[in-house]
Amino acid sequence: MADSWATPRGEPGQRTDGPGHRAGGPAGPGADLHLDLPRGGGTGVRDALIRALRDAVRGGRLAPGTRLPSSRSLAADLGIARNTVADAYGELVAEGWLTARQGSGTRVARRVVPPEPAPPRTLPPAAVAATRPTYDLRAGQPDVSAFPRSAWLSAARRALTAAPNDAFGYGDPAGRPELRRVLADYLARARGVRAAPERIVVCAGFVQGLALLSRVRAKTGHREVGVESYGLDVHWNVMRGAGLRTVPLAVDRQGARTAELDRSAGLRTVLLTPAHQFPTGVSLHPDRRAAVVDWASRVGGLVLEDDYDGEFRYDRHPVGALQGLDPEHVVYLGTASKSLAPALRLAWMVVPDQLLGDVLAVKGTGEWQSGALDQLTLAEFIDSGAYDRHVRGMRMRYRRRRDQLVAALAERAPRVRVTGIAAGLHAVLQLPPGTERSVVQGAAWQGLALDGLSRYRYREQHEPSAPGPGPDGQPDALVFAYGAPPDHAFTGALEALCRVLP
């Protein structure tokens with residue numbers, strides 16, 4: 001390294017002042033600089049000089065307005081090429097660190113230089129671990145540790161090998177035709193959906209599909225949407241963000257009270273989870289299923305059917321999709337987030353004919369498409385039978401966990417009633433009145449992240465939720481996502497849960 005005092009004239013290491021001026025003063029010929037630079041020339045020396053000068057300004061060693069040595073003097077003192085110094089000065093002038101004016105030389109810019117940002121505070125590993133829950137049991141998550149990596153990789157290789165050239169272009173807003181074809185077959189046999197491939201639109205997740213539909217409804221003047229009085233606020237906020245006003249429908253033991261649809265004269269859209277109401281877990285009663293499609297047909301309305309976990313039914317045959325009753329007034333929405341993994345960002349809508357053009361017109365206006373290669377992989381995964389095998393395996397795994405939960409509660413917390421367990425990846429644990437808040441807090445102390453039922457109660461935007469039973473009579477309860485933990489962690493999560501229950 002060249003360790004040198006850079007002075008405007010004289011020998012390296014010797015401080016010299018011109019007559020009547022201090023070296024480094026505003027009127028002086030330049031500042032003495034102590035710089036450590038690598039020997040030799042080239043780009044490395046230039047960059048090192050730039051870094052050294054920046055550090056000197058940033059650290060306060062070179063005050064604003066300080067005049068620097070000429071490029072010739074500094075080059076001679078450092079034993080490097082003059083062009084190297086000139087290039088470094090030019091770069092720092094361009095960045096705003098220095099200024100250069102004819103007759104005034106090169107000076108440090110007269111500006112406030114922010115100090116070096118403090119390094120991020122690093123918590124010790126024990127403190128980091130203490131801020132994370134030991135078990136995340138919040139609803140809406142599958143066991144992602146069970147993702148079929150090998151089978152998915154094999155499907156991806158086959159799909160990529162067979163992919164046509166147009167798969168690498170921008171693509172159709174509706175999605176890859178290969179995926180829409182296999183989805184039409186799968187949904188017909190597994191969920192009772194009546195769909196031609198042309199009516200399927202592939203989305204990057206359920207929320208994107210909901211956002212598309214909300215935009216279309218707002219654009220066509222239908223600005224009210226009915227929602228269940230228990231659900232996900234992210235869904236309500238997506239619709240509100242598109243300009244829709246949400247109207248709650250009470251939920252009881254037979255699902256959403258569909259008779260309330262006629263109470264609002266302007267209501268023409270409703271979002272439902274009919275197969276397995278989220279989060280209460282009830283199925284929409286057959287009479288109400290018939291009533292809601294009759295309402296949609298009568299008023300020219302639209303039912304948005306969220307079939308988020310339709311593959312996971314345990315105690316009887318799956319409840320078929322509502323869409324099968326009236327494909328022209330029901331939009332079916334499904335997703336791979338629960339059956340495979342949320343990271344895939346793959347979902348689908350089966351859209352009525354009269355709505356299809358509007359949906360595709362909105363979807364074609366921006367970056368709404370899912371990755372074509374992931375679509376082709378999912379198409380191959382379904383077509384090969386791997387998807388059915390995976391779903392059957394996960395259904396057995398989740399059912400075992402559900403049965404373990406029921407047995408543990410019967411033994412350790414007999415006062416807690418379990419509901420909503422005929423399907424899905426979560427259960428509702430009904431608590432004694434007035435205990436929801438304390439149990440959720442106690443669970444946090446045990447390292448459990450889970451929500452009370454009141455967390456999902458309908459509220460207006462920005463309105464906080466209050467624990468305890470709501471006006472529709474739903475009890476104090478916990479929503480326990482038994483599908484979320486990996487197998488090796490489930491027993492520990494269950495043990496911790498039992499310690500905090502009444």
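No experiment lies behind these values; they were computed from the predicted model shown. (Residues numbered from 1 in each chain as written. Predicted model: local features only at pLDDT ≥ 70, side-chain atom pairs only at ≥ 80, totals over all residues. Heavy atoms only, no water.)

A. Fine view of the confidence of the model for the chain. Looking at the chain, the pLDDT average stands at 86 and 85% of residues meet or exceed 70. With pLDDT under 50 throughout, residues 1-28 is counted as low confidence; its partners more than four residues away or in other chains account for 64 contacts. (pLDDT = per-residue confidence, 0-100. Contact = heavy atoms within 4.5 Å.)

B. Fine view of the packing of helix 7 (residues 206-219) against helix 10 (residues 353-363). At a minimum axis separation of 9 Å, helix 7 and helix 10 run at an interaxial angle of 110°. Between helix 7 and helix 10, the interaxial angle falls into the category roughly perpendicular. In this structure, helix 7 meets helix 10 at a crossing whose hand is right-handed. Residues Gln208, Leu212, Leu213, Arg215, Val216 and Arg217 of helix 7 touch helix 10, and the partners they reach there are Leu355, Asp358, Val359, Val362 and Lys363. Of the residues that constitute the contact of helix 7 with helix 10, the class distribution is six nonpolar, one polar and four charged. (Axes fitted to C-alpha atoms, helices over the stretch in contact; angles between N-to-C directions. Helix = DSSP H or I, 4+ residues; strand = E, 2+ residues; numbered from the N terminus. Parallel < 35°, antiparallel > 145°, perpendicular 65-115°, else oblique. Left-handed = near helix turned anticlockwise from the far one by under 90°. Nonpolar A, V, L, I, M, F, W, Y, C, P; charged D, E, K, R; others polar.)

C. How the structure looks around the packing of aromatic side chains. Across all of its chains, the model carries eight aromatic pairs by this definition. Residues Tyr186 and Tyr387 carry aromatic rings whose centres are separated by 5.2 Å and whose planes lie at 85° to one another, so their mutual orientation is edge-to-face. Highlighted residues: Tyr186 in helix 6 (residues 177-191) and Tyr387 in helix 12 (residues 386-412), separated in sequence by 201 residues. For the pair Tyr186 and Tyr387, one class covers both residues: buried. Their ring planes at 85° and their centres at 5.3 Å tell us that Phe278 and Tyr456 sit as a pair that is edge-to-face. Placement of Phe278 in the loop between strand 11 (269-272) and helix 9 (286-299) and of Tyr456 in the loop between strand 18 (451-452) and strand 19 (477-480) is noted, with a sequence separation of 178 residues between them. Every member of this aromatic cluster is reached through a ring pair, and the members are Phe147, Trp152, Tyr186, Phe381 and Tyr387. Taking NZ or CZ as reference, Arg455 lies 5.1 Å from the ring centre of Tyr456, over its face. (Phe/Tyr/Trp six-rings, centres within 6.5 Å; stacked < 30°, edge-to-face > 60°. Buried < 20%, exposed > 50% of the residue type's maximum accessible area, 1.4 Å probe, protein only. Lys NZ or Arg CZ within 6 Å of the ring centre and 35° of its normal.)

D. Spotlight on the side chain of Asp143. Note on placement: Asp143 falls in the loop between strand 5 (135-136) and helix 5 (149-162). Judged by relative accessible area, which is 2%, Asp143 ranks as buried. A distance of 2.7 Å separates polar atoms of two side chains, one belonging to Asp143 and the other to Arg401. Setting aside anything within four residues of it in sequence, one finds Asp143 in contact with Met394, Arg397, Tyr398, Arg401, Gly483, Ala484, Pro485, Pro486 and Asp487. (Polar contact = N/O pair within 3.5 Å; in protein donor to acceptor, adjacent residues only side chain to side chain.)

E. Structural detail: the packing of helix 6 against helix 11 (residues 372-383). As a packed pair, helix 6 and helix 11 sit with axes 8 Å apart at the nearest point and diverge in direction by 35°. Seen from above, helix 6 lies across helix 11 with left-handed handedness. In this structure, helix 6 uses Glu178, Leu179, Arg181, Val182, Leu183 and Tyr186 to contact helix 11, whose residues at the interface are Gln375, Leu376, Leu378, Ala379, Ile382 and Asp383. Its residues placed into classes, the contact of helix 6 with helix 11 shows eight nonpolar, one polar and three charged.

F. Up close: the pattern of salt bridges. On inspection of all chains with the given rule, the structure shows 28 salt bridges. Between Asp136 and Arg138 there is a salt bridge, with the nearest N and O atoms lying 2.8 Å from each other. The partly exposed category is assigned to Arg138, whose relative accessible area is 36%. Residue Asp388 is joined to Arg189 by a salt bridge in which the shortest nitrogen-to-oxygen separation is 2.9 Å. Within this pair, whereas Asp388 is found in helix 12, its partner Arg189 is found in helix 6, the two being separated by 199 residues in sequence. Residue Asp388 is classed as buried on the basis of its relative accessible area, which comes to 17%. Take Arg189: its relative accessible area is 51%, and that puts it in the exposed class. A network of salt bridges, in which partner residues are shared, links Asp143, Arg397, Arg401 and Asp487. (Salt bridge = Lys/Arg side-chain N within 4 Å of Asp/Glu carboxyl O.)

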